[in-house]
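# Inside the fold
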Amino acid sequence: MTTQITDPTQLDRYECRTCGYIYEPTKGDATVPAGTPFEELAADWRCPICSSATSRFKSIGPKVGTVAGFEENAGYGWGVNVLNAQTKNVLIFGALFLGFLFFMSIYFLGN
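Notes on the structure in this doc start here. Computed from a predicted model, the values in this text were never measured in an experiment.

Turning our attention to the side chain of Glu-24. Among the secondary structure elements, Glu-24 is positioned in the loop between strand S2 (22–23) and strand S3 (57–61). Among all residues touching Glu-24, those that are not within four sequence positions of it are Arg-13 and Lys-63.

Per the stated rule, a full pass over the model turns up 1 salt bridge. A salt bridge links Arg-13 to Glu-24; the nearest nitrogen and oxygen atoms lie 4.0 Å apart. Taken together, the residues span a long stretch of sequence, with Arg-13 in strand S1 (residues 13–16) and Glu-24 in the loop between S2 and S3 at a distance of 11 residues. Each member of the pair, Arg-13 as well as Glu-24, carries the same accessibility label: buried.

This brings us to a nonpolar patch on the surface. A cluster of nonpolar side chains, contributed by Phe-97, Leu-98, Phe-100, Leu-101 and Phe-102, occupies part of the molecular surface with about 540 Å² of accessible area. With respect to the secondary-structure elements, Phe-97 resides in helix H1 (residues 85–109).

Below, the discussion takes up the packing of aromatic side chains. Aromatic rings considered in pairs are described by the distance between their centres and by the relative angle of their planes. Scanning the entire structure with this criterion turns up 7 aromatic pairs. Their ring planes at 55 degrees and their centres at 6.0 Å tell us that Tyr-23 and Phe-38 sit as a pair that is tilted. Of this pair, Tyr-23 sits in strand S2 while Phe-38 is found in the loop between S2 and S3, placing the two residues 15 residues apart along the sequence. A residue is classified by how much of its surface remains accessible, and Tyr-23, at 0% relative accessible area, is buried. Overall, the relative accessible area of 10% leaves Phe-38 in the buried class. Through successive ring pairs, a cluster of aromatic residues spans Tyr-14, Tyr-23, Phe-38, Trp-45 and Phe-57.

Further remarks concern unusual backbone geometry. Despite not being glycine, Ser-51 has its phi angle at roughly 65 degrees, a positive value. Structurally, Ser-51 can be placed in the loop between S2 and S3.

Calculation criteria
Residues numbered from 1 in each chain as written. Predicted model: local features only at pLDDT ≥ 70, side-chain atom pairs only at ≥ 80, totals over all residues. Heavy atoms only, no water. Helix = DSSP H or I, 4+ residues; strand = E, 2+ residues; numbered from the N terminus. Contact = heavy atoms within 4.5 Å. Salt bridge = Lys/Arg side-chain N within 4 Å of Asp/Glu carboxyl O. Buried < 20%, exposed > 50% of the residue type's maximum accessible area, 1.4 Å probe, protein only. Patch = residues over 30% accessible without salt bridge, like charges linked within 9 Å, V, L, I, M, F, W, Y side chains within 5 Å. Areas by Shrake-Rupley, 256 points an atom, 1.4 Å probe, with all protein chains shown as cover. Phe/Tyr/Trp six-rings, centres within 6.5 Å; stacked < 30°, edge-to-face > 60°.

Written as structure tokens, this is what we have:
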């Protein structure tokens, strides 16, 4: 039974837990045409990098709306692990800039 998905960007991507290769259904593979869902791959299909079986793959969801960092770590910390990469960069470099301003304010207090 073949399930048709009208929007191919909603297809889940799968990551090989052995080597990190990501199968993207929208791109396909050298032996698999684009638009083929992971569930419809042939039973003898193997990872093109390390030759692992499909049982070594894990769903990482569609490409849109992913979080920066490892999915396993998203539940730890003060909630910053669920932020996207752009927001994390603003927080990191903003904190560095504020630290620099505080340092310079101490310098100017001495004069």
